[in-house]
Amino acid sequence: MIPRILIAIIATLAVLGHPSCATAADPVKPQYYELRVYTTKSEDQQKRVNDYWQNATVPAYNRMGIQPVGVFTELQDSATNSIYVFIPCDSLEAFVAIPTQLAADADYQKAAAEFLSAPKTNAAYEHFESSLLVAFDGMKHMAVPPPDKRPNVFELRTYLSPSEGKSLNKMKMFESGEIKVMNEVGLAPIFYSRTVVGPRMPSLVYMTCGENLEVHKKHWQGFSAAPVWKQLQADPQFKDNMNGSIKLILKRTSASQI
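Everything numeric in this text was worked out from a predicted model, so none of it was measured. (Residues numbered from 1 in each chain as written. Predicted model: local features only at pLDDT ≥ 70, side-chain atom pairs only at ≥ 80, totals over all residues. Heavy atoms only, no water.)

**Comments concerning the environment of Leu-35**
Position of Leu-35 relative to the elements: it lies in strand 1 (residues 32–39). Leu-35 gets classed as buried once you look at its relative accessible area, which sits at 11%. Between the C-alpha atoms of Leu-35 and Thr-195, which are 160 residues apart in sequence, the distance is 9.8 Å. Those residues within four positions of Leu-35 in sequence are excluded, and the remaining contacts are Val-85, Glu-129, Ser-130, Ser-131, Leu-133, Leu-156 and Val-205. (Helix = DSSP H or I, 4+ residues; strand = E, 2+ residues; numbered from the N terminus. Buried < 20%, exposed > 50% of the residue type's maximum accessible area, 1.4 Å probe, protein only. Contact = heavy atoms within 4.5 Å.)

**Some points on the environment of Phe-86**
With respect to the helices and strands, Phe-86 occurs in strand 3 (residues 83–89). Phe-86 sits in the buried class, given a relative accessible area of 1%. Between the C-alpha atom of Phe-86 and that of Phe-72, which follows or precedes it by 14 residues, the distance is 8.4 Å. Leave out the neighbours within four places in its chain, and Phe-86 touches Tyr-33, Glu-34, Pro-68, Val-69, Gly-70, Phe-72, Met-142, Phe-191 and Ile-258.

**Digging into the packing of helix 6 (residues 164–184) against helix 8 (residues 227–234)**
Helix-helix packing is characterised by the crossing angle of the two axes and by the distance between the axes. Interhelical geometry of helix 6 versus helix 8 gives an angle of 165° and a closest axis separation of 9 Å. It follows that helix 6 is roughly antiparallel to helix 8 by the angle criterion. Crossing of helix 6 over helix 8 shows right-handed handedness. Between helix 6, through Lys-170, Met-173, Ser-176, Gly-177, Glu-178 and Val-181, and helix 8, the contact on the second element is made entirely by Val-228, Trp-229, Leu-232 and Gln-233. The class makeup of the residues in the contact of helix 6 with helix 8 is five nonpolar, three polar and two charged. (Axes fitted to C-alpha atoms, helices over the stretch in contact; angles between N-to-C directions. Parallel < 35°, antiparallel > 145°, perpendicular 65-115°, else oblique. Left-handed = near helix turned anticlockwise from the far one by under 90°. Nonpolar A, V, L, I, M, F, W, Y, C, P; charged D, E, K, R; others polar.)

**A look at unusual backbone geometry**
Pro-68 follows Gln-67 through a cis peptide bond whose omega is -5°. Secondary-structure assignment places Pro-68 in the loop between helix 2 (43–63) and strand 2 (70–74). Omega for the bond connecting Met-201 with Pro-202 falls within 30 degrees of zero, at -5°, which places this linkage in the cis form. Summarising the element assignment, Pro-202 is placed in the loop between strand 6 (191–197) and strand 7 (203–210). Located in the positive-phi region is Ala-188, a residue other than glycine, with phi close to 50°. Locating Ala-188 in the fold gives a position in the loop between helix 6 and strand 6. A residue is classified by how much of its surface remains accessible, and Ala-188, at 32% relative accessible area, is partly exposed. Even without being a glycine, Asp-240 presents a positive backbone phi close to 55°. Tracing the sequence through the fold places Asp-240 in the loop between helix 8 and strand 8 (244–252).

**Observations concerning the pairing of strand 8**
Two strands pair when backbone bridges link them, and strand 2 and strand 8 are joined in this way by three bridges, in the antiparallel orientation. Pairing of Glu-74 across the sheet is with Leu-250, part of strand 8. Where strand 5 (residues 153–160) and strand 8 come together, seven bridges link them in antiparallel fashion. Bridge pairing in strand 8 links Phe-154 to Leu-250. (Pairing = 2+ DSSP bridges.)

**Brief notes about the sheet that holds strand 8**
Strands sit in the order 1-3-2-8-5-7-6-4 around a closed barrel of eight strands; the barrel is antiparallel. The average angle at which neighbouring strand axes cross in this sheet is 35°, direction not considered. Pairing between strand 2 and strand 3: four bridges, direction antiparallel. Pairing of Phe-72 across the sheet is with Tyr-84, part of strand 3.

**Overview of the pairing of strand 6**
Of all seven residues making up strand 6, six are buried, and the element is well covered by its neighbours. Relative to strand 6, strand 4 (residues 127–135) runs antiparallel, the two being bridged by four bridges. In the strand pairing of strand 6, Leu-133 is matched with Thr-195. Across four bridges, the pairing between strand 6 and strand 7 is antiparallel. Bridge pairing links Arg-194 to Leu-204 in strand 7. In textbook terms, the turn of a hairpin is the stretch between consecutive antiparallel strands, and for strand 6 and strand 7 this stretch comprises five residues.

**Digging into the pattern of salt bridges**
Evaluation of the coordinates by the stated rule reveals eight salt bridges. Residue Arg-36 is joined to Glu-34 by a salt bridge in which the shortest nitrogen-to-oxygen separation is 3.1 Å. When sorted by exposure, Arg-36 lands in the same class as Glu-34, which is buried. (Salt bridge = Lys/Arg side-chain N within 4 Å of Asp/Glu carboxyl O.)

Now the structure itself:
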């Protein structure tokens, strides 16, 4: 179920400097994430995509030891909403092994059969895009909100840069204080990552969360007022390291484990 992105992923191994793969839950090695975005044109398609993940794919990924899987959609309901799927892997090896394990999983094949064989006259979705992300050294593993503080709002941000060097510079800016401040003001980051393979590069992708939209906005106000952030913003070494951003406010679907 992983698209042709795999060819590009394998080719990037030498560039990334990972001659071997991390062992499961290795605290020293960063996690890899797949971010998949399904484009839909109807509520029926949204339901079919969500049901596929809830009833077939999330259980199959869990059997592989891949969890928690996040499934989200835009906060405001619409017939053209997208479905965003966040898949954490403890190593690149675990990510690459997914198609083979799905092919051998009889329960998955049975539960997913109708979705996987949908005809063009009754497509389950319009198309999907897939990105491979690698976690920052400043936060090598995702953080799952505690059960007693389960958020209702999630913000997915993509930061675009004019060059690879500027993107790495923005990542350094995060690791020089932004991540710490975001935690301190209550933005509750779930993950930070750099895009290895994807439709828009160079880019950084991260997710924060909150109890509700009003509280989440207040947390961002606290971040904007933080002295550390103001110092980083004024530091000339971090000047002009972004040329755009994409900000999405999301909610979990019934398929989500986050």
